[in-house]
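As a plain string of letters, each chain reads:
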Amino acid sequence: HMNSVEILVKEHDNILAFLGAVKNACLNIIEGQEPDTGDFRKMIDFVRNYADGHHHGKEEKFLFDHMVKELGKIGKNLITHGMMVEHDLGRLYMSDLEKALDSYDEKPSTEAKLGIISNAAGYASLLERHIEKENTLVFKYAEKNLPQESMDKVNEDSERFEEKAIADGVVDKYISLLEEMTSKYSRQ
């Protein structure tokens with residue numbers, strides 16, 4: 001069986017690479033380029049469907065669910081008052097970014113640019129810290145403390161979820177979008 005935590009960590013690497021592109025796109029605006037709102041909308045698509053739908057989907061439905069149900073107060077605090085709050089904050093950044101893009105497309109303004117930068121960059125720094133916590137603390141705590149049969153169940157459920165996502169073309173679509181964004185927004 002696949003190790004679901006290893007897959008989550010690999011996805012974190014993809015998301016971190018993506019966040020680099022998001023920050024670089026913000027830096028370009030600070031340096032005077034007009035925001036490419038089409039690209040920022042592609043970034044929102046990546047966040048909503050890969051980072052959130054695909055990746056957070058597996059975390060929340062499988063691993064975190066067991067942690068909340070089986071790891072008592074610490075599990076609840078780590079997940080419900082920690083990771084889930086940050087997932088929700090990330091979603092808020094994305095809807096505010098979308099509003100800023102709509103407003104910029106309607107009538108370009110410095111204020112709309114600030115909205116684009118603050119929400120996109122805010123999301124990037126939130127997620128970088130969030131990923132660090134999951135990799136170094138949350139996943140390790142789960143692996144150490146969840147009963148083996150729970151981890152087996154997480155692995156099975158994740159594997160089914162992953163196979164469906166691959167079959168539906170979700171994984172390929174977003175890996176190629178990731179490649180497009182990281183090559184377009186790289187700084188040498």
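Just so we're clear, the structure is a prediction, and the values are computed from it rather than from any experiment.

A.B. asks: I would appreciate a short explanation of helix 4 (residues 110–145) in the present structure.
C.D. replies: For an α-helix, 3.6 residues make a turn, and residues three or four places apart therefore share a direction. The end-to-end C-alpha distance of helix 4 is 50 Å, a good match for the 52 Å that 36 residues give at a rise of 1.5 Å each. Maximal helix bending in helix 4 amounts to about 45 degrees, located at Glu-134.

A.B. asks: Is there a simple way to think about the pattern of salt bridges in this case?
C.D. replies: Opposite charge on two side chains permits them to pair, given that their charged atoms come into close proximity. One pass over the full model with this rule turns up 21 salt bridges. Here Lys-173 makes a salt bridge to Asp-45, at a shortest N to O gap of 3.9 Å. Taken as a pair, Lys-173 in helix 6 (residues 170–184) and Asp-45 in helix 2 (residues 37–70) lie far apart in primary sequence, 128 residues in all. In this structure Lys-173 comes out as partly exposed when scored by relative accessible area, which is 45%. Judged by relative accessible area, Asp-45 falls into the partly exposed class, the value being 24%. Linked by salt bridges that have partners in common, Asp-52, Glu-60, Asp-88 and Arg-91 make up one network.

A.B. asks: When you look at a negative patch on the surface in this model, what are you seeing that I'm missing?
C.D. replies: A cluster of acidic residues, Glu-70, Glu-149, Asp-152 and Glu-156, forms a negative patch at the surface. No other element matches the 3 residues that helix 5 (residues 148–167) contributes to the negative patch. Here Glu-156 lies in helix 5.

A.B. asks: Hey, could you run me through helix 3 (residues 72–106) in this one?
C.D. replies: The end-to-end C-alpha distance of helix 3, which contains 35 residues, comes to 49 Å, matching closely the 51 Å that a straight helix rising 1.5 Å per residue would cover. Val-85 marks where helix 3 bends most, by close to 30 degrees.

A.B. asks: So what exactly am I meant to see when it comes to the packing of aromatic side chains here?
C.D. replies: All chains considered together, the criterion is met by 4 aromatic pairs. Arranged with centres 4.1 Å apart and planes meeting at 25 degrees, the rings of Phe-18 and Phe-46 form a pair that is stacked. Residue Phe-18 is located in helix 1 (residues 4–30), and its partner Phe-46 is located in helix 2; the two are separated by 28 residues in the primary sequence. The pair formed by Phe-18 and Phe-46 is uniform in burial state, with each residue classed as buried. Their ring planes at 35 degrees and their centres at 5.0 Å tell us that Phe-46 and Tyr-50 sit as a pair that is tilted. Placement of both Phe-46 and Tyr-50 in helix 2 is noted, with a separation of 4 residues, approximately one turn of the helix.

Cut-offs applied
Residues numbered from 1 in each chain as written. Predicted model: local features only at pLDDT ≥ 70, side-chain atom pairs only at ≥ 80, totals over all residues. Heavy atoms only, no water. Helix = DSSP H or I, 4+ residues; strand = E, 2+ residues; numbered from the N terminus. Expected span 1.5 Å × (residues − 1). Bend = angle between axes of the 7 residues up to and from the residue. Salt bridge = Lys/Arg side-chain N within 4 Å of Asp/Glu carboxyl O. Buried < 20%, exposed > 50% of the residue type's maximum accessible area, 1.4 Å probe, protein only. Patch = residues over 30% accessible without salt bridge, like charges linked within 9 Å, V, L, I, M, F, W, Y side chains within 5 Å. Areas by Shrake-Rupley, 256 points an atom, 1.4 Å probe, with all protein chains shown as cover. Lys, Arg positive; Asp, Glu negative; His and termini not counted. Charge placed at Lys NZ, Arg CZ, Asp CG, Glu CD. Phe/Tyr/Trp six-rings, centres within 6.5 Å; stacked < 30°, edge-to-face > 60°.

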